[in-house]
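Listed here are the chains, written in short residue letters.
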Amino acid sequence: MIVAVGSFKGGVGKSTTALHLATYLQAKADTLLVDGDLNRSALDWSNRGSLPFKVADEEDAVSLAKLYEHIVIDTPARPKTNELKKLARGCDFLVIPTTPDAIALAATLKMVGELQGIRVNYRILLTVVPPYPNKSGEEAREALEGAGLPVFKTAIRRLTVFQDAALEGVPVNGVKDAYAQIAWRGYVEVGKEILS
């Protein structure tokens, strides 16, 4: 399976999502994470510690891809329309992460608009969702679903344990913190939705 993670807006957890979906898929079969982001966030993350799967840039991924059952692509931020269309056609599933703020949601709607007319299996993933009593996550979900857009049932909470994981160079389930399993559970549920 080829899963691409893309967004028209930075800071929405795109690389974090790609890395954790690769962690989930690796438990099912050998998985390659292709770091196509110009910031090379996934490669930096892997260089700081130990990840349970292979991370490669696009150039190395060309020769490695045939060795893996699953490929997760961390795409460049704000892909051009033709790049987005190629990506959508070439993947089995497109994950579009977005934070529940107005600017990120507007960028998500613009990206979804660019996908019109392309047969692509995609869902929007709400990320960095603030804790209760803040209702921005619920409000964003209602707005997206009200517009008839596919949204993951699970949202990813805003938790500092994700920053700890990046600093340690491990997936969040490898961090010794009380919130690590709560954070990990969100991506497990997203992974299940993708594979269902």
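Preceding this section is the structure that the text describes.
Residues numbered from 1 in each chain as written. Predicted model: local features only at pLDDT ≥ 70, side-chain atom pairs only at ≥ 80, totals over all residues. Heavy atoms only, no water.

Details of the packing of helix H1 (residues 14–26) against helix H8 (residues 180–195)
Rules: Here, axes are lines fitted to C-alpha atoms. For helices the fit covers the stretch in contact, and angles between N-to-C directions go from 0 to 180 degrees. By definition, any uninterrupted DSSP run of H or I lasting at least four residues is a helix, any uninterrupted run of E lasting at least two residues is a strand, and each is numbered from the N terminus. Roughly parallel refers to an angle under 35 degrees, roughly antiparallel to one over 145, roughly perpendicular to one between 65 and 115, and oblique to any angle outside these ranges. Whether two residues are in contact is decided by their heavy atoms: any pair within 4.5 Å suffices. Each residue is assigned to one of three groups, with Ala, Val, Leu, Ile, Met, Phe, Trp, Tyr, Cys and Pro labelled nonpolar, Asp, Glu, Lys and Arg labelled charged, and all others, Gly among them, labelled polar.
Interaxial distance between H1 and H8 falls to 9 Å at its minimum, and their mutual angle equals 70°. In terms of orientation, H1 lies roughly perpendicular with respect to H8. Together, Thr16, Thr17, His20, Leu21, Thr23, Tyr24 and Leu25 of H1 and Trp184, Tyr187, Val188, Val190, Gly191, Lys192, Ile194 and Leu195 of H8 make up the contact between the two elements. The class makeup of the residues in the contact of H1 with H8 is 9 nonpolar, 5 polar and 1 charged.

Some words on the pairing of strand S2 (residues 31–35)
What counts is decided by this rule: Throughout, exposure labels follow a simple rule: accessible area from a 1.4 Å probe, protein chains only, divided by the maximum for the residue type, with under 20% read as buried, over 50% as exposed, and the rest as partly exposed. In short, DSSP must find at least two bridges between two strands for them to pair. Orienting the strands away from the viewer, one traces the path from the first strand over the helix to the second; a clockwise path indicates a right-handed crossover.
Of all 5 residues that make up S2, 5 are buried, and the element is covered over most of its length. The alternating pattern of S2 places Thr31, Leu33 and Asp35 on one face and Leu32 and Val34 on the opposite face, and all of these are buried. As paired strands, S2 and strand S4 (residues 70–74) are joined by 5 bridges and run parallel to one another. Counterpart to Thr31 in the pairing with S4 is His70. As judged from the 4 bridges shared by S2 and strand S3 (residues 54–57), these two strands associate in the parallel manner. Pairing of Val34 across the sheet is with Ala56, part of S3. A crossover connection joins S2 to the parallel S3 through helix H2 (residues 41–48); in handedness this β-α-β unit is right-handed.

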